[in-house]
Amino acid sequence: MRTGGVAAGRPPGPRGLPVLGMLLAIRRDPTAVFMDAARRFGDVAYLKIGPRRGYLLTNPADVRHVLQDNAANYRKSPLYDTLRQSLGNGLLTSEGAFWLRQRRIAQPAFHRQRIAALAGVMAEAVREIGVDWEAIASTKQPVDIGDEMMRLTRTVVLRALLGANLGPFTSRIDGAWKVMNEHIGDSFWSLGLTNGWPTPRNRRFQAARAVLRGAVEYAIRQRREQGAEGDDLLSMLMHARDEDTGESMTDEQLRVEVTTFLLAGQETTSLALTWTFYLLSQHAAVRERLEGEVDAVLGGRPAAYDDLPNLPLTRRVIDESMRLYPPAWGFSRQALGDDELGGYRLPCGWLAFLMPYVLHRLPTHWPDPDRFDPDRFLPERSADRPKFAYLPFGAGPRQCIGNQFALLEAHLTVATLAQGFRLTLVPGHPVEAWPLITLRPRFGMPMTIERRRARH
Ligand code: HEM
């Protein structure tokens with residue numbers, strides 16, 4: 001309810017248990033708890049999660065207020081602490097002047113023109129996957145499309161941004177990240193009482209961290225040995241000098257940033273692609289329209305940068321896939337001072353929950369929200385929708401630095417692979433969204449790959 005002044009008391013919300021509040025329910029099924037709170041309590045819902053208190057915000061005006069207009073009053077929430085401990089204090093997890101400095105160093109690598117120039121590297125990596133898929137198609141054996149997309153996006157980040165490879169760590173990195181994602185996703189909603197105990201789970205996590213560290217150190221060392229003076233992100237990070245002190249980044253800081261880019265750049269984009277291929281496999285009519293578009297525009301050759309404006313349905317399919325399955329499904333902020341949201345006071349120290357998964361399924365902005373309908377992104381059907389109702393990349397100063405990079409990569413990939421192949425989910429395989437830090441398919445995504453001939 002919106003009123004002129006600040007309402008006394010706190011907004012309504014689910015009752016939860018004494019002391020623990022909604023902690024156990026959230027540990028069991030986080031998206032269900034947030035969806036249910038939004039449905040029952042409207043724009044602002046009060047949530048107590050163990051020792052933490054905060055509001056789930058689902059009015060785009062309030063989301064905009066926290067992420068953009070009053071962003072200076074917020075920091076990333078303490079729920080990110082385990083992520084910070086795992087990745088280190090880098091672009092994704094740091095705050096204030098330090099964050100701003102790191103963002104300024106990295107930003108030029110993501111300018112539109114520079115991203116456009118990377119399209120060739122991306123297209124080549126997609127072409128290589130296509131060659132592998134021809135062989136896989138002939139075996140008629142299913143493969144996990146999540147693993148395939150992870151392999152693709154890792155290759156692209158390594159070649160396009162870091163100019164490096166992971167040598168002996170290549171085959172171990174995806175498994176290591178899966179362990180870390182599960183551990184961090186789980187610890188988001190735990191009281192952290194067993195952190196640091198030598199449980200098998202914690203030991204697996206430490207081993208995964210060591211693999212990641214080894215991989216990143218290998219990539220940096222290799223690049224140093226080559227003495228390569230590239231103009232990619234890694235060179236920018238290596239050669240950056242502090243404006244005041246003239247000092248370059250320490251080795252440790254460089255390692256943190258490379259880790260951040262390796263993971264942030266690979267994991268989310270691969271999930272966006274995996275969910276897209278899943279949705280296409282379930283919606284034959286959309287898939288056929290998409291195949292019609294790519295066949296007509298590409299005429300049998302792989303997609304290139306200049307083709308993309310002529311492939312608008314392909315782009316809408318990706319947008320709609322990230323609506324239903326936003327890879328970064330939820331994030332949160334902590335108030336540095338009191339604020340007012342939807343007519344309620346948010347006290348200093350409390351949290352604001354911004355949940356793309358929930359925002360993207362609000363019937364107010366998305367009629368028939370569970371339906372896969374890429375045409376809802378047609379300009380004429382989007383005109384009345386508030387910008388902050390769709391947030392796959394976040395918003396405001398902390399918006400994803402890699403959003404153009406990811407969209408370019410996804411667009412090229414879906415167009416090229418949909419022209420050459422048709423993917424079918426293994427019949428009867430259960431598919432369930434698993435909200436860790438990112439939104440993964442809980443039971444994997446085994447699909448068979450079939451070669452298709454483009455219709456010209
Ligand atoms: C579909 C793919 C992607 C999705 C859905 C995604 C999503 C997001 C979101 C939601 C945030 C903001 C989190 C918050 O506000 O708390 C973020 C931040 C970030 N993303 Fe992405 N991302 C994607 C791809 C990428 C790529 C390709 C890169 C790098 C190559 C990247 C690097 C980063 C970094 C470094 C940040 C932190 C930016 C900052 O705080 O200044 N992301 N991403």
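Residues numbered from 1 in each chain as written. Predicted model: local features only at pLDDT ≥ 70, side-chain atom pairs only at ≥ 80, totals over all residues. Heavy atoms only, no water.

## Considering the side chain of Glu320
- Looking at the element boundaries, Glu320 is found in helix α14 (residues 312-324).
- Looking at Glu320, its side chain comes within polar contact range of the side chain of Arg376, at 3.1 Å.
- If we ignore the near neighbours within four places in the chain, the residues touching Glu320 are Arg371, Phe372, Asp373, Pro374, Arg376 and Phe377. (Helix = DSSP H or I, 4+ residues; strand = E, 2+ residues; numbered from the N terminus. Polar contact = N/O pair within 3.5 Å; in protein donor to acceptor, adjacent residues only side chain to side chain. Contact = heavy atoms within 4.5 Å.)

## A word on unusual backbone geometry
- Phi angles above zero are rare outside glycine, and Lys140 is one such case at about 60°.
- Judged by relative accessible area, Lys140 falls into the exposed class, the value being 66%.
- Here the phi dihedral of Asp368 falls at roughly 50°; this positive angle occurs in a residue that is not glycine.
- With respect to the secondary-structure elements, Asp368 resides in the loop between α15 (356-359) and α16 (379-382). (Buried < 20%, exposed > 50% of the residue type's maximum accessible area, 1.4 Å probe, protein only.)

## A word on the side chain of Ser94
- Structurally, Ser94 can be placed in the loop between α4 (81-87) and α5 (96-106).
- Looking at Ser94, the relative accessible area reads 0%, which means it is buried.
- Residues in contact with Ser94, not counting those within four places in the same chain, are Asn89, Trp99 and Arg398.

## Some points on the pattern of salt bridges
- Throughout the structure, instances matching the rule amount to 31 salt bridges.
- The salt bridge involving Glu95 is made with Arg398; its shortest N-O contact spans 3.8 Å. Taken together, the residues span a long stretch of sequence, with Glu95 in the loop between α4 and α5 and Arg398 in the loop between α16 and α17 (403-420) at a distance of 303 residues.
- Overall, the relative accessible area of 17% leaves Arg398 in the buried class.
- For Asp295, the salt bridge goes to Arg452, with nearest N and O atoms at 2.7 Å. Placement of Asp295 in helix α13 (residues 284-298) and of Arg452 in the segment after β12 (446-451) is noted, with a sequence separation of 157 residues between them.
- According to the relative accessible area criterion, Asp295 is buried, its value standing at 2%.
- Exposure remark for Arg452: the relative accessible area of 9% places this residue in the buried category.
- One salt-bridge network, held together by shared partners, links Arg287, Glu291, Asp295, Arg422 and Arg452. (Salt bridge = Lys/Arg side-chain N within 4 Å of Asp/Glu carboxyl O.)

## Let's talk about the packing of helix α7 (residues 119-139) against α17
- At a minimum axis distance of 10 Å, the contact between α7 and α17 shows a crossing angle of 35°. The handedness of the crossing between α7 and α17 comes out as right-handed. Residues Ala119, Met122, Ala123, Val126, Ile129, Gly130 and Trp133 of α7 lie in contact with α17, whose contacting residues are Phe405, Leu408, Glu409, Leu412, Thr413, Thr416 and Leu417. (Axes fitted to C-alpha atoms, helices over the stretch in contact; angles between N-to-C directions. Left-handed = near helix turned anticlockwise from the far one by under 90°.)

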